[in-house]
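Chain by chain, the residues:
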Amino acid sequence: NKDTKEVKMVSVYRDTLLQIQSDSQTTHKVNYAYQLGGALMSINTLNANLDLAISDYITVDFNAMADIINTLGGVEVTVTEDEVNNLNKNLAEQIGISGKYSEGVHEAGTKVLNGQQAVAYSRIRSTGQGDITRTERQRIVLMKVIDKLLSADTGSLDSFVDVSFKCISTSLNKDDIHALVKNVAGYKVVDTAGFPFAYEAKELSDKGNCLVAADMASNVEALHEYLYGADKYVISGTVKQISSNIES
């Protein structure tokens, strides 16, 4: 919100059943949109299903996230006992794929995680509520990155942009990102949430375990009230139809 300088962050759970904006308009887990058509199909899917108007994007993979966090000197995270083994399993997998070694995390507690460790932490989904808790961890790590940026000097910010721009995919150019990062100190993240707000887990024979919105229409209404303070938001005809398709 450019007027209030407030930021709200929403994670769309990857198993959420949405209508993918491909030629077939199939109903599937939302992460299938990225597999089919990358960032643009993902944006189109979110816009159609959630009545949004997203026009720009930044996509970040595991290696990019690790590099970005290392540029900032790591992030401080509290790791619980039940997260330690899962973090190290993820870390071993990442090392095998990237070839970039990192020391493991040997005990629970509050500690500064390097990039590889922080990514491994944010990928944990076998504790708590699975993907629901995982997206909470992702938002924790993102908030820690933002906190580091808020206190960074100009030189550190420039270095952050230079490293980031080499390893991300984005619709923005480097000047756009420099401008955004230099303005970050004026903004404050006031709340984070996961979408859908009300859902039920369903095992579908052709799609596996999905999160199905209890009622997509009312979830979209709630999303607009949450993000924009829209009182009694009226959903579009497109969302009404998609909501009906998902229900059926």
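Scroll up a little and you will see the structure.
Small disclaimer: the values here were computed from a predicted structure and weren't measured. (Residues numbered from 1 in each chain as written. Predicted model: local features only at pLDDT ≥ 70, side-chain atom pairs only at ≥ 80, totals over all residues. Heavy atoms only, no water.)

A look at the overall build of the protein chain
Reasoning step 1: Summing up its helical and strand segments, the protein chain has nine helices and ten strands in all.
Reasoning step 2: Taken against the 2.2 N^0.38 rule, which gives 18 Å for 248 residues, the C-alpha radius of gyration of the protein chain at 19 Å falls within 12% of a compact globule.
Reasoning step 3: In terms of principal-axis extent, the alpha carbons of the protein chain reach across some 50 × 40 × 30 Å.
Reasoning step 4: In the protein chain, buried positions account for 42% of the 248 residues.
Reasoning step 5: Long-range contacts, defined here as pairs at least 24 residues apart, represent 61% of the contacts in the protein chain between residues at least 6 apart.
Reasoning step 6: For the protein chain, the exposed surface amounts to about 13,200 Å²; the carbon and sulfur share of it is 49%.
Reasoning step 7: Side-chain charges of the protein chain comprise 23 positive and 32 negative groups, with the mean position of each set lying 2 Å from the other. (Helix = DSSP H or I, 4+ residues; strand = E, 2+ residues; numbered from the N terminus. Rg over C-alpha atoms; globule rule 2.2 N^0.38 Å. Buried < 20%, exposed > 50% of the residue type's maximum accessible area, 1.4 Å probe, protein only. Contact = heavy atoms within 4.5 Å. Areas by Shrake-Rupley, 256 points an atom, 1.4 Å probe, with all protein chains shown as cover. Lys, Arg positive; Asp, Glu negative; His and termini not counted. Charge placed at Lys NZ, Arg CZ, Asp CG, Glu CD.)

Focus on helix H9 (residues 237-247)
Reasoning step 1: Looking only at H9, the buried set comprises Val239, Ile242, Ser243 and Ile246. Here the buried residues of H9 occupy an arc of 105° about the axis, which is enough to place them on one side. In this structure, H9 carries Gly237 and Lys240 as exposed residues pointing more than 90 degrees from its buried face. (Arc of directions from axis to C-beta.)

Let's talk about the pattern of salt bridges
Reasoning step 1: Under the defined criterion, the tally for this structure stands at nine salt bridges.
Reasoning step 2: For the salt bridge of Asp67 with Lys100, the shortest nitrogen-to-oxygen distance reads 3.5 Å. Residue Asp67 is found in helix H2 (residues 62-71), and its partner Lys100 is found in the loop between helix H3 (81-98) and strand S6 (109-113); the two are separated by 33 residues along the sequence.
Reasoning step 3: Judged by its relative accessible area of 38%, Lys100 falls in the partly exposed class.
Reasoning step 4: A salt bridge links Asp131 to Arg134; its shortest N-O distance comes to 2.8 Å. Placement of both Asp131 and Arg134 in helix H5 (residues 131-150) is noted, with a separation of three residues, approximately one turn of the helix. Summarising the burial analysis for this pair, Asp131 and Arg134 share the class buried.
Reasoning step 5: Beyond isolated ion pairs, a larger network of salt bridges with shared partners links Arg14, Asp15 and Lys29. (Salt bridge = Lys/Arg side-chain N within 4 Å of Asp/Glu carboxyl O.)

Remarks on the environment of Asp51
Reasoning step 1: Tracing the sequence through the fold places Asp51 in the loop between helix H1 (31-50) and strand S4 (58-59).
Reasoning step 2: By relative accessible area, Asp51 is classed as buried at 17%.
Reasoning step 3: Considered as a pair, Asp51 and Asn245 are 194 residues apart in the sequence and their alpha carbons are 16 Å apart.
Reasoning step 4: Of the polar contacts made by the side chain of Asp51, one reaches the side chain of Ser236; its length is 2.6 Å. (Polar contact = N/O pair within 3.5 Å; in protein donor to acceptor, adjacent residues only side chain to side chain.)

What to know about helix H4 (residues 115-122)
Reasoning step 1: Taking burial as the measure, the eight residues of H4 include eight buried ones, the bulk of the element.
Reasoning step 2: Of all the residues in H4, the buried ones are Gly115, Gln116, Gln117, Ala118, Val119, Ala120, Tyr121 and Ser122.
Reasoning step 3: Residues of H4 that are buried make contact with H2, strand S5 (75-79), H3, S6 and H5.
Reasoning step 4: Two to three positions downstream of the cap, the backbone nitrogen of Gln116 sits 3.1 Å from a side-chain oxygen, assigning the N-cap of H4 to Asn114.

Notes on the nonpolar core
Reasoning step 1: Judged by nonpolar contacts, the single largest core of 29 residues is most densely connected at Ile69, Val79, Leu87, Leu113, Tyr121, Leu149 and Phe160.
Reasoning step 2: Elements that contribute at least two residues to this core include exactly H2, S5, H3, H4, H5, helix H6 (154-167) and helix H7 (174-182).
Reasoning step 3: With near-sequence residues (within four places) excluded, Leu113 lies in contact with Ile69, Gly74, Val75, Val77, Val79, Val105, Ala118 and Tyr121.
Reasoning step 4: Within the second largest apolar cluster, 19 residues are counted, among which are Phe195, Val212, Leu223 and Val239. (Core = buried A, V, L, I, M, F, W, Y, C linked by side-chain atoms within 4.5 Å.)

Section: the packing of aromatic side chains
Reasoning step 1: This structure, assessed with the given rule, holds three aromatic pairs.
Reasoning step 2: Ring centres of Tyr13 and Tyr199 lie 6.0 Å apart, and the angle between their planes is 70°; on these two criteria the pair is classed as edge-to-face. Residue Tyr13 is located in the loop between strand S1 (6-12) and strand S2 (17-19), and its partner Tyr199 is located in strand S9 (residues 199-204); the two are separated by 186 residues in the primary sequence.
Reasoning step 3: Here Tyr13 falls in the buried class, since its relative accessible area comes to 6%.
Reasoning step 4: Taking relative accessible area as the criterion, Tyr199 reaches 31% and is therefore assigned partly exposed.
Reasoning step 5: A ring pair is formed by Phe195 and Phe197, whose centres lie 5.9 Å apart and whose planes are at 85°; its orientation type is edge-to-face.
Reasoning step 6: For Phe195, a relative accessible area of 0% corresponds to the buried category.
Reasoning step 7: Overall, Phe197 belongs to the partly exposed group, its relative accessible area being 36%.
Reasoning step 8: Clustering of aromatic rings is evident, with ring pairs tying together Phe195, Phe197 and Tyr226.
Reasoning step 9: Positioned above the aromatic ring of Tyr226 is the side chain of Lys8, whose terminal nitrogen or guanidinium carbon lies 4.9 Å from the ring centre. (Phe/Tyr/Trp six-rings, centres within 6.5 Å; stacked < 30°, edge-to-face > 60°. Lys NZ or Arg CZ within 6 Å of the ring centre and 35° of its normal.)

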